[in-house]
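An overview of the molecular structure
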Amino acid sequence: MQAQVSPQAWQFCWALLSPDKVPEIQYFGASALHTKISRYWADIPAEQYDSLKTQLFAHIARFATGAKIVLTRLCVALASLALNMMPEAWPGAVSEMVRAFQEEGAGLDGRARCLALLELLTVLPEEFQTSRLPQYRKGQVRGALGREWAAVQPLLQQLLRQADSPSLVRARVLKCLSSWVLLDVPLCESEGLVEDAFSALADPELFDAAVEAIVNAVSQPDSQRYVNTLLKLVPQVLQLQEQLREAVQNGDMETSHGICRIAVALGENHSRALLEQVEHWQGFLALVNMIMFCTGIPGHYPVNETTSSLTLTFWYTLQDDIMSFEAEKQAVYLQVYRPVYFQLVDVLLHKAQFPTDEEYASWSSDEKEQFRIYRVDISDTLMYVYEMLGAELLSNLYDKLGRLLTNPEHPTSWQHTEALLYGFQSIAETIDVNYSDVIPGLIGLIPRININNVQLADTVMFTIGALAEWLADHPVMLSSVLPLVLQALGNPDLSVSSVSTLKKICRECKYDLPPYATNIVAVSQEVLIKQIHKTSQCMWLMQALGFLLSALPVEEILSNLHSLITPYIQQLEKLADETPNPSNKLAIIHILGLLSNLFTTLDITKQDDESGDHQPPVKSTPPPTGPNPVVVVLQQVFALIQTVLSKWLNDSQVVEAVCAIFEKSVKTLLHDFAPMVSQLSQMLGQMYSTIPQASALDLTRQMVHIFASETDHFPPIKVLFELVTSVTLSIFQQGPRDHPDIVDSFMQLQAQALKRKPDLYLSENLDVKAVFHCGVLSLKFPEAPTVKSTCLFFTELLPHCADIPPVGQVVQQDGKLLLQAVLEAIGGQSSRSLMDQFAEVLFSLNKHCFGLLTIWLKEALQSPGFPSSRVSAEQKDTFSQQVLRERVNKRRVKDIVKEFTLVCRGLHGTEYAAEY
C-alpha cells in the first residue's frame, strides 16, 4: 500500500505492466496506477493528463487479450482519469472511448475490442459511485455522464440486437446497462434496452444479467416520473407468468426467483403511480395477483423455495399507498383490495405451516432457524395487515379454526391448526384485542385442540400468553387455560413457552390468581425440584412466583415463601460447609439467582390502578403492617449468606450473585428495605475491605440513591461510603490499571453521592483531594465505560465548587491537571467516540470556573506540540476563544471539540471524518 502511494509509483507502475511480468505483478502495477489517479489527483500536473490518457488506452488495448483482472484494473484507472478530467479537461470522454475502440488497429480482433470497450463502459459508472470526488464535482460529473448516455445507448442496442452477437458480448451489454441505469438514466431513454432485456430472459445464459438490468432500471427513484413507460412494462412482466409457472413445475428455483424479483421491483417501487392510473386498474391487479402467486409459491421455505420472502415488503407498500388516499378514493380501492388481502392472509398462513414431522426432522439447524425467522416475518406482516382488515380478520380466523376443530368427519393436520393459532397469536401479541367478541370463543376452543406435537403445544402456550391482558379483564376464563399451562410446565420441550406464558399470566392477572395460588406454587416447586428447566427458565419461573405471591395476604406470602425457599436454604447450608470447587460454585450461584429473581417481582406495595384515571388506585389488600416478607426472609438467611461469602470472597461471580439479591430487593422494596440497611452496610464494608469488587460498589450506589434523604437510615450508609472510598483510594496507590471495573463503579458511586447527597463531601473522613486526583488518573484509562463514568463524576463535582469548600479548594489548586487531562484526550489520547463526554467536562469547567479556566487554557495551550503536534498556535487560540465564549450552549461546545479533535488527529476534511 505504501509503495502504491509513494512518489516513485509513477515510474514503477508502467514497468510492472510489461509483458514479461506475471499477471499478479501486472495487477499490482494497474492497482497502483488507479490509487495514484483516484486519491492523489492533485499531484498530477495538468500537462501530463493527455500522455497518461494515451498510455492507458494503449495498455488497455494490449491487455484486451490478456489477463482479465489486469484489464479490469486498467479500465478502472482510465475511468478514474476520465471522472477527474470531466467535463472541462476531457469533454466527450465517453464518445472518445467508443470511437477509440471501434477503430480497427492494434492487431486486435473485433470481439476483443468490443469486450474491452464494454468493460470500460461498465466500470465507469461504478467508479463514479465509489469515487472520492467533492460534492460539487459529483454533481457536475453526474450531469456530464448523463449527457454521454447518448453515445452509449445506440452501441448497447446495436450489440444486443445484432443476430451474430455472441452470448458473452450480450451478457456484458446487459451488465453495462445495469451499471448505467444506476446513474438515474431517464427510464424513457433506456426503454428500448429494457425491452430487449425482457426478450433476453428467454435465453438461460443471459437470464441473470437481464434480471439485474431490469430490476436496476425500474428500481431507480427517478423512474416513477415516466408513468407511460411503466405502463408499457406491466404487460411485459405479466407475459413472464408462463415462464414462471414452468419454472415452478420444474423446480427451477433460480428462474422463479429472478422473475419474482422483476415483478416485485415494479410493484414495490411504483405501486402508488400504478394505482393512480385508474383506467389501467386491471393490469395492475393482474400484477398484484402475480406477486400473490410468488408469495404462495409451492414448497416450504427455505428448503424448496426462497422466493416468497422477497414479496412481503410489497404488501406493506401497497397497503400504505391505499391507506394514504383520501377517504372517498380509499373506499373504492378497498372494495377491490380487501378481498386480495384476505386471500393474502390465507396464503401466508399456508406458507407458515410446518412440514411433516419426517420432513422437518431432515432439515438442518440452519434451515430450521431460517424458517423460524421467516415465520416471524409472516407474523409481522399479519399484524400490519390487521390495520387494514380489522376485527373481521379475527372473526375470519376464528371461523376457520372453529370449523377445523368441530368437524369430526374431516380429521385435520396439526400443522393447519397450529398455523391458524399462530395467526391469532401474531395479532394478539401487539394489538389490543379486548374489544374482540371472538376471543371468548377462542379460549373455549383451545382445550378442544388435540395437542400431540411440540410445535403445536408451543404455539398454544404463546397464544395463551398473548391473551394474558385479555384474561386479566375476563378472569372467569382463567380456569379454562391455566390447567393447560401448568401441565405444560412439566414438559422440558415446552420450557420457554410454558414458563414465559405463566410469567405473563402471573404479572397481568395476579389479583385474580389467589384461588389458584396453592396449585401454581405446588406445580412450580415440583418442576424446580425435578430440574426440568434450564437456568434462565428457572429464573423466569421465580419471577412468575414473585408476581403471584405479591397479591396474597402477608401471612400466606410468608408460608408460601417458607415452603418454596426452605429446600434451597437447606441445600445452600450444605454447600456452605463444603470446600469450594467449580461444581458447588455453580449450584450456589444458581440458588442465589433464584432468590434474586423471586425478590425482583415480589412487591406487596404496588396496586393496580383499576378505578379510572384520576381516582386513587383500588387496593385489593389492606395496607400491610409489620415487616415486608422479603425483609423477613433476608433477615433469616443473612447469617447463611455471610457464611457463603466468607468462603467465596475471592470469587467475583459469587460476590456478584450475593450483591444481586440485595440490589434487586432494594430496587423493588425501596424504603421498605430500611430494616436491612444497617446489617447490609456492615457486611458490604467487611466484604469490600477484604477483597474489593465492583458489585459491592454498585450496591452501595443503589443504597445512596434510595436512602439519601432518610436521616434515620443514612448514617450506616455514610460510614460505608467513607470506608469504600478509603479502600479504593488505596487501590489507586497500588496501581489501579488491573481493576477498570472497580474504577468505573467507584466513579459512578462518587457521581451518585454528589448528585443525591453532596453533604458527604463535607465529611472530615473523606479525602476529596485524593478522590479528585483518582478521577484525573481515570480519565486516561483505555476502557470507554470507565472514562464515561469519570466524566460524569467531574460534571457532578464541578457545580459544587461554590457550595462545598473542600471541592472549591481542590479545583482551585489542581483544576489545571484536570484541564490538561481533558485536552490530552481531545488531542488524540482517547477514542473519538468519547469526545462528547470530555466536551461536557470542558463545558462544566467553563460554567463554574470561568476565571480559572481562562488562565489554565492559556498556560496549557502555550506548550509547543500540546495537545498535538498537528495544530498551529492560531488554531489553538481559535479553539480557546470559541470554548470560553460558550457558557450556555453545551451542544455548540461539543461541536467545537469534535472539530478540534479532528484537526489534532490530522483527520480534518477527510472522507473518514465526514462520517463522524
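For the structure given in this document, a descriptive report is provided here. (Residues numbered from 1 in each chain as written. Predicted model: local features only at pLDDT ≥ 70, side-chain atom pairs only at ≥ 80, totals over all residues. Heavy atoms only, no water.)

**Describing the overall build of the chain**
Rule in force here: Helix and strand definitions here come from DSSP, where helices need a minimum of 4 consecutive H or I residues and strands a minimum of 2 consecutive E residues; each element is numbered from the N-terminal end. Whether a residue is buried, partly exposed or exposed follows from its accessible area with a 1.4 Å probe, protein chains only, as a fraction of its type maximum: under 20%, in between, or over 50%, in that order. The contact definition used throughout considers only heavy atoms, calling two residues in contact when any of these lie within 4.5 Å. Shrake-Rupley sampling with a 1.4 Å probe provides the accessible areas, and residues are treated as covered by the protein chains on show and by no other component. In summary, the charge assignment counts Lys and Arg as positive and Asp and Glu as negative, without counting His or the chain termini. Where a charge lies is defined by one atom per residue type: Lys uses NZ, Arg uses CZ, Asp uses CG and Glu uses CD.
The helix and strand tally for the chain stands at 44 helices and 0 strands. Once the C-alpha set of the chain is aligned to its principal axes, its extents read approximately 100 × 95 × 60 Å. In the chain, buried positions account for 54% of the 916 residues. Here the analysis covers contacts within the chain between residues at least 6 apart in sequence; of these, 74% occur between residues at least 24 apart. In the structure as shown, the chain presents an accessible area of about 40200 Å², 51% of it carried by carbon and sulfur atoms. Of the charged side chains in the chain, 69 are positive and 100 negative, and the gap between their average positions amounts to 7 Å.

**Digging into the layout of surface pockets**
Using the following cut-off: Throughout, the protein atoms alone are placed on a 1 Å grid, and a set of points is a cavity if a 1.4 Å probe fits but cannot get out or a pocket if it is open with protein on both sides within 12 Å along at least five of seven lines; lining residues have an atom within 4 Å of a point. Grid points are joined across faces, edges and corners, and a volume is the space filled by probe spheres set on the points.
Of the pockets and cavities examined, the largest pocket occupies roughly 670 Å³. Lining the largest pocket are 32 residues; nearest its centre among them are Phe354, Arg372, Arg375, Asp458 and Phe462. Of all the elements in the fold, those that place two or more residues in the lining of the largest pocket are helix H19 (365-389), helix H21 (414-430), helix H23 (454-466) and helix H26 (495-508). With 10 residues, the top contributor of residues to the lining of the largest pocket is H19. A volume near 430 Å³ is recorded for the second largest pocket.

**A short note on the packing of aromatic side chains**
A ring pair, where both rings are aromatic, is described by two values, the distance of the centres and the angle of the planes. Rules: Pairs were defined over the aromatic rings of Phe, Tyr and Trp, the Trp ring being its six-membered one, requiring ring centres within 6.5 Å. Orientation was assigned from the angle between planes: stacked under 30 degrees, edge-to-face over 60, tilted for the rest.
For the coordinates displayed, the defined rule picks out 19 aromatic pairs. Ring geometry for tryptophan 41 versus tyrosine 49: centroids 4.6 Å apart, planes at 20 degrees, classification stacked. Exposure class is identical for tryptophan 41 and tyrosine 49. Each is buried. Taken together, a centroid distance of 5.9 Å and an interplanar angle of 65 degrees make the contact between phenylalanine 638 and phenylalanine 662 edge-to-face. Separated by 24 residues along the polypeptide, phenylalanine 638 in helix H31 (residues 629-648) and phenylalanine 662 in helix H32 (residues 652-669) bring together distant segments of the chain. Under the relative-accessibility criterion, phenylalanine 638 is labelled buried at 4%. Phenylalanine 662 sits in the buried class, given a relative accessible area of 0%.

**Some points on empty space enclosed by the protein**
Which parts of space are left empty comes out when a probe the size of a water molecule is rolled across the atoms. Note the cut-off: Gly is put with the polar residues, along with every residue not named as nonpolar or charged; the nonpolar set is Ala, Val, Leu, Ile, Met, Phe, Trp, Tyr, Cys and Pro, and the charged set is Asp, Glu, Lys and Arg.
In this structure the tally under the stated criterion is 1 cavity of 30 Å³ or more. Approximately 40 Å³ is the volume attributed to the largest cavity. Partitioning the lining of the largest cavity into residue classes produces 5 nonpolar, 3 polar and 1 charged.

**A look at helix H35 (residues 714-734)**
To keep things clear, this is the line we draw: Each helix should span, by expectation, one fewer than its residue count multiplied by 1.5 Å.
Helix length check: H35 (21 residues) gives 31 Å between terminal C-alpha atoms against 30 Å at 1.5 Å per residue, within 8%. Among all positions of H35, only Phe714, Ile717, Leu720, Phe721, Glu722, Val724, Thr725, Val727, Thr728, Leu729, Ile731 and Phe732 are buried. Taken together, the buried residues of H35 touch helix H33 (677-690), helix H34 (694-707), helix H36 (740-756) and helix H37 (768-778).

**Some words on the environment of valine 632**
Locating valine 632 in the fold gives a position in helix H31. Sequence separation between valine 632 and threonine 795 is 163 residues, and the spatial gap between their C-alpha atoms is 40 Å. When neighbours within four sequence positions are excluded, valine 632 is seen to be in contact with Leu558 and Pro627.

**Thoughts on the pattern of salt bridges**
Let me state the cut-off plainly: Every case where a carboxyl oxygen of Asp or Glu lies within 4 Å of a side-chain nitrogen of Lys or Arg is listed as a salt bridge.
Tallying each qualifying case throughout the model produces 29 salt bridges. Among the salt bridges present, the one from arginine 375 reaches glutamate 418, with a minimum N-O distance of 2.6 Å. Here the residue arginine 375 occupies a position in helix H19, and glutamate 418 occupies one in helix H21, the gap between them amounting to 43 residues. For arginine 375, a relative accessible area of 7% puts it in the buried group. Residue glutamate 418 is classed as buried on the basis of its relative accessible area, which comes to 0%. Here the salt bridges share partners, and the residues they tie into one network are Asp50, Lys53 and Glu96.

**Comments concerning the side chain of serine 498**
Mapped onto the elements of the fold, serine 498 is located in helix H26. With near-sequence residues (within four places) excluded, serine 498 lies in contact with Met461, Val485, Ala488, Leu489 and His533.

**Describing unusual backbone geometry**
The residue after methionine 86, namely proline 87, is reached through a cis peptide bond having omega -15 degrees. If you trace the backbone, proline 87 turns up in the loop between helix H5 (68-85) and helix H6 (93-102). The omega torsion across phenylalanine 866 and proline 867 is 0 degrees, close enough to zero to call that bond cis. Position of proline 867 among the secondary structure elements: in the loop between helix H41 (850-862) and helix H42 (873-885). At aspartate 184, a residue that is not glycine, the phi angle is positive and equals roughly 65 degrees. As for its placement among the helices and strands, aspartate 184 is situated in the loop between helix H9 (167-181) and helix H10 (187-200). You will see that glutamine 531, though not glycine, has its phi angle at about 55 degrees, which is positive. By the element assignment, glutamine 531 lies in the loop between helix H27 (514-529) and helix H28 (535-550). We classify glutamine 531 as exposed; its relative accessible area is 63%.

**Side note on the nonpolar core**
Basically, it comes down to this: As used in this record, nonpolar core signifies buried Ala, Val, Leu, Ile, Met, Phe, Trp, Tyr and Cys residues forming a set joined through side-chain atoms within 4.5 Å.
Counting residues in hydrophobic clusters, the biggest one holds 330 residues, and the most contacted among them are Phe662 and Tyr761. When residues in this core are grouped by element, the largest group, 12 residues, is from H5. Other than its neighbours up to four places away in sequence, phenylalanine 662 contacts Leu634, Phe638, Ile641, Phe673, Met676, Leu680, Met683 and Leu699.

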